[in-house]
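Given next are the chains, with one letter for each unit.
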Amino acid sequence: MSQFDFLQPKSRQIEIEQFDDRILTYVLEREQSFLTCISCGGCTATCSAGNLTSFNVRKIGLSLRRGNINDLSDEVQKCMFCGKCTLVCPRDINIRNVVLLIKKGIAQLETEKTL
Amino acid sequence: MEALLHRKIFRKNPVLGYMHMSLAFGWFLLIVVGHLETMIAEHSLFVPFHKAVFFRYYEGFDEFFLSGLFSFLMDFLLLFVLSGLMFAIVKRFRKKLFGLRRTTHLKSGDKIALTSLWLIFPLRLLAESTSAAVYHNGGFLTSGVGAAIDFIGNPAIFYYPLWMAYSLSLGFFFVALPNSRYMHIPTEVVFIFLRVAGIRLKKQNDSYTDVQVFSCSRCGICLDKCQLSVAGIDDSQSVYLLKNIRNKNLSDEKLFNCLMCGRCQVDCPVGIETIELRTVQRIESTREYNSSYDYLIQEVATKADVVYFAGCMTHLTPRVISSMKKIFATAEEDVWFMDEVKAPCCGRPLMLAGQYEAARKLIENNSRMILDSGAHTLVVSCPICYKVFKEDYKLPDVEVVFHAQYIYDLIHSGKLSVDTSNQRMVYHDPCELGRGMGMYETPRKLLGRIGEVVHMKDEKEYAFCCGGSLGNLKISEDKRKLLRDQALVTYEGFSPDILVTACPKCKKTFAAGRKLKVFDLAEIVAGAICVDSLSKEKEILEKQEADCYAVEGL
């Protein structure tokens, strides 16, 4: 049966008790437009960095919402800030600012352990 | 001298220029002439400073060489300063009369300094007048006012209080000065000297940034130039940036809420590098979280004479790419399209976000690729890329050319010929190309060969930003639209057939706007290429065919 499990999806279960929403609230306080994200993936399709490596802007949004800070801190480093995602976004989300805020938030978490 | 006169304010607004000149230059002359007067009266080259400033207090009856002329001169200068002061007071309460829509919000330190500055000169007039009334001397002004004081009451009663009030207001002003915007008076002299000596800002905070910060007089000329106020943002302009750096309370929200278009820098009377200064602050604020981009691998470069780097933004305007390809093909250039499939970004957007170290990684990677190709020319069609390639890349033996210049050279050397039409075009100066790189004429000359370029009031260094700038990371899309419409409405006022720009980002922003059709330079040229040169290849084929027939004797 293991043959059928070729995608090997990770568990998508969210432990409410361990849900870490520090970065999410940090970002949402400063960039409300992220609330309207519909995870359409237009950003990922146009991404310059995504063309070079396995970087996925849409997944950044998902990880942010799910509170996967470990995944976020590695992934968000790959962004080149070119701004194509912001330009194609159908919901007019300021994605560059979201990425900058995540970077800043994580840097602050690492140094101060609080936000 | 420039620090006292400020010719730049004069050119922009003569009344404001007069106001500043009468106060600064007038006061300066008042001090110098006063000192000379005292030196002559005392027959000494070295006179104590207080004696010159309070000369009329010490000096009473004596007549000395040229005393009449000096008292006339001093009165005239005082009148000169007072006239400027009058303008300043009117301006404070009725700024619209001076063509200013907004002025800076002052903090309390500024208000103390301002009030004492305002009091200095009227009090000086009154004090000198009482002296004149007591001793029955003085120039045309002080003797007149002195007579009036004499008429009201015994001038000897007012004598000490008035001189005391005058010296107190002077004292207050100089105590308040370091903590207020008037710090620009001593700092600016240093700044102008250093700037003329060729000192430039580095990529980190140093004493030169402090000099620039303290040189800001918070005149607020940059406020009216800033387009952000159209979108209701009025706390992040350059004057507030400088104020916040000085007070060490700069927030990210304000720091990154700027289009970096450079409109404020053009009109700054002191010549503060507002954009560069903001970039430095962004670098400082994001220093802890730069990316390393370890995933970048060295791709194999293709050998060619010319490298074409379209850039991220151009990839979202495919018509520009196809136009460039058509131009390259027609001119029969040996071109390698570097980022046709994939390539890192040029690094400029990272620079604008303050991620300088991260940008260097991309720059290194791209530089090696370009150098490996052995090309002698690098053509870019995006001003954002152009600026960073020109300024931050070190590419020996490779000439970085903007596509407007490149196409113009092609036409000039006869490799490309274009048809003319009678289209009326408005040319929008992209911020990064115009104010950023100082390229205003080449695109106009190029367009002038194809159609008619309409002249406008707000063009070249006064051109609007399209609102789409990558420099601003905080502004919302709705507000960007307000800025875009401000520019578009102005352009529509000239009723052109088309709007032409040289930046894919501007094109993209404007194209989403109103009805006006927007094109890139390259599209205009590609559309106007003569059919003759287009069919050059066809011609060659036909000629070969004809030769074949000739050989066969048909």
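Position numbers for residues count from 1 along each chain, tracking the sequence in the order it is written. Chain labels run from A onward and ligand labels from 1 onward, assigned in the order the entries are written. The predicted origin of the model limits local features to residues at a pLDDT of at least 70 and limits the giving and counting of side-chain atom pairs to 80 or more, whereas totals for whole chains, interfaces and linings rest on all residues.

## Some points on the overall build of chain B
(1) Moving on: Secondary structure elements follow DSSP: runs of H or I of four or more residues count as helices, runs of E of two or more count as strands, with numbering from the N terminus. Within chain B, the secondary structure is distributed over 28 helices and eight strands.
(2) Moving on: Radius of gyration: over C-alpha atoms. The globule rule applied is 2.2 Å multiplied by the number of residues raised to the 0.38 power. Against the globule reference of 24 Å for 554 residues, chain B gives a C-alpha radius of gyration of 31 Å, more extended than a compact globule.
(3) Moving on: Seen through its C-alpha atoms, chain B measures out along the principal axes to roughly 120 × 50 × 45 Å.
(4) Moving on: The buried share of chain B, taken over its 554 residues, is 44%.
(5) Moving on: By the convention adopted here, residues are in contact when the distance between their C-beta atoms, placed from the backbone, does not exceed 7 Å. Pairs at least 24 apart in sequence give 74% of the contacts found in chain B among residues at least 6 apart. Three exposure classes are used, based on other C-beta atoms lying within 10 Å of a residue's own C-beta, which is placed from the backbone: buried for 20 or more, exposed for 12 or fewer, and partly exposed in between.

## Topic: the packing of helix H10 (residues 184-196) of chain B against helix H11 (residues 207-214) of chain B
Residues and elements named next belong to chain B.
(1) Moving on: The N-to-C vectors of H10 and H11 enclose an angle of 130°; their axes lie 8 Å apart at closest approach. Classed by the angle they form, the pair H10 and H11 counts as oblique. Once H10 is placed against H11, the crossing between them reads as left-handed. Of the residues in H11, those in contact with His184, Thr187, Val190, Phe191 and Leu194 of H10 are Tyr208, Val211, Gln212 and Phe214. Interaxial angle, 0 to 180 degrees, is taken between N-to-C directions of lines fitted to C-alpha atoms, where a helix line uses only the stretch in contact. Note on angle classes: values under 35 degrees are labelled roughly parallel, values over 145 roughly antiparallel, values of 65 to 115 roughly perpendicular, and the remainder oblique. With the far helix as reference, a near helix turned anticlockwise by less than a right angle produces a left-handed crossing, and one turned clockwise produces a right-handed crossing.

## Regarding the domain arrangement of chain B
(1) Moving on: Start and end positions for the domains come from either an automated domain assignment or a database one. According to the domain assignment, chain B consists of domain 1 (2-179), domain 2 (306-412) and domain 3 (424-532).
(2) Moving on: Relative to domain 2 of chain B, the C-alpha centre of domain 1 of chain B lies at a distance of 59 Å.

## Observations concerning the sheet that holds strand S4 (residues 399-402) of chain B
Residues and elements named next belong to chain B.
(1) Moving on: Pairs of strands are assigned from DSSP output, requiring at least two bridges between the strands. Sheet architecture is open: four strands sit in the order S2-S1-S3-S4, paired in parallel fashion. Where the open sheet ends on each side, the last strands, each with one partner, are strand S2 (335-337) and S4. Put simply, the sheet's adjacent strands are angled 25° from each other on average, direction ignored.
(2) Moving on: For strand S1 (residues 306-309) and S2, the ladder comprises three bridges, and the chain directions are parallel. The residue of S2 that forms the bridge with Val307 is Trp336.
(3) Moving on: Packed on one face of the sheet, helix H20 (residues 383-391) meets S1, strand S3 (377-380) and S4 and runs near 150° to S3.

## Here's the deal with the nonpolar core
(1) Moving on: For our purposes the nonpolar core covers buried Ala, Val, Leu, Ile, Met, Phe, Trp, Tyr and Cys residues that link as a set through C-beta atoms within 7 Å. Core analysis: the biggest nonpolar cluster contains 166 residues, and Ile102 of chain A together with Val380 of chain B have the highest contact counts within it.
(2) Moving on: Take this core: its biggest share by element is eight residues, from helix H7 (residues 108-135) of chain B.

## Section: the sheet that holds strand S8 (residues 518-520) of chain B
All names here are of chain B.
(1) Moving on: If you trace the four strands from one edge of the open sheet to the other, you get S6-S5-S7-S8, paired in parallel fashion. Each of the sheet's edge strands pairs with one partner strand only, and the pair in question is strand S6 (452-453) and S8.
(2) Moving on: Where strand S5 (residues 424-428) lies against S6, two bridges are found, and the strand directions are parallel. Paired with Met425 across the bridge in S6 is Val453.
(3) Moving on: Running over the sheet, helix H26 (residues 521-528) touches strand S7 (498-501) and S8 and is turned about 80° from S8.

## Thoughts on the pairing of S3 of chain B
Residue and element names in this part refer to chain B.
(1) Moving on: Bridge analysis of S1 against S3 gives four bridges, and the strand direction is parallel. Its bridge partner being in S3, Val307 is matched across the sheet by Leu378.
(2) Moving on: Where S3 lies against S4, four bridges are found, and the strand directions are parallel. Residue pairing in the sheet places Val380 in a bridge with Phe402 of S4.

## Here's the deal with the pairing of S4 of chain B
(1) Moving on: Going residue by residue along S4 of chain B, you find Val400 and Phe402 of chain B tucked away on one face and Glu399 and Val401 of chain B left uncovered on the opposite face.
(2) Moving on: Assignment of crossover handedness uses the view with strands pointing away from the viewer, where a clockwise path from the first strand over the helix to the second indicates a right-handed crossover. Each parallel crossover has a hand, and the one from S3 of chain B via H20 of chain B to S4 of chain B is right-handed.

## A word on unusual backbone geometry
Residue and element names in this part refer to chain A.
(1) Moving on: Despite not being glycine, Phe81 shows a phi value in the positive range, around 60°.
(2) Moving on: Inspection of the secondary structure assignment puts Phe81 in the loop between helix H4 (69-75) and helix H5 (84-88).
(3) Moving on: Given 31 C-beta atoms within 10 Å, Phe81 falls into the buried group.
(4) Moving on: Of note, the phi angle at Asp92 is positive, near 55°, even though the residue is not glycine.

## So, the packing of H7 of chain B against helix H8 (residues 140-152) of chain B
In helix packing, the relevant descriptors are the interaxial angle and the interaxial distance, both defined with respect to the helix axes.
Residues and elements named next belong to chain B.
(1) Moving on: In the contact formed by H7 and H8, the axes pass within 7 Å of each other and the chain directions differ by 75°. The angle between H7 and H8 places the two elements in the roughly perpendicular class. Two secondary-structure elements touch here, H7 through Leu125, Glu128, Ser129, Thr130, Ala132 and Ala133 and H8 through Thr142, Ser143, Val145, Gly146, Ala147, Ile149 and Asp150.
(2) Moving on: Nonpolar residues are Ala, Val, Leu, Ile, Met, Phe, Trp, Tyr, Cys and Pro. Charged residues are Asp, Glu, Lys and Arg, and all others, Gly as well, are polar. For the contact of H7 with H8, the per-class residue count stands at six nonpolar, five polar and two charged.

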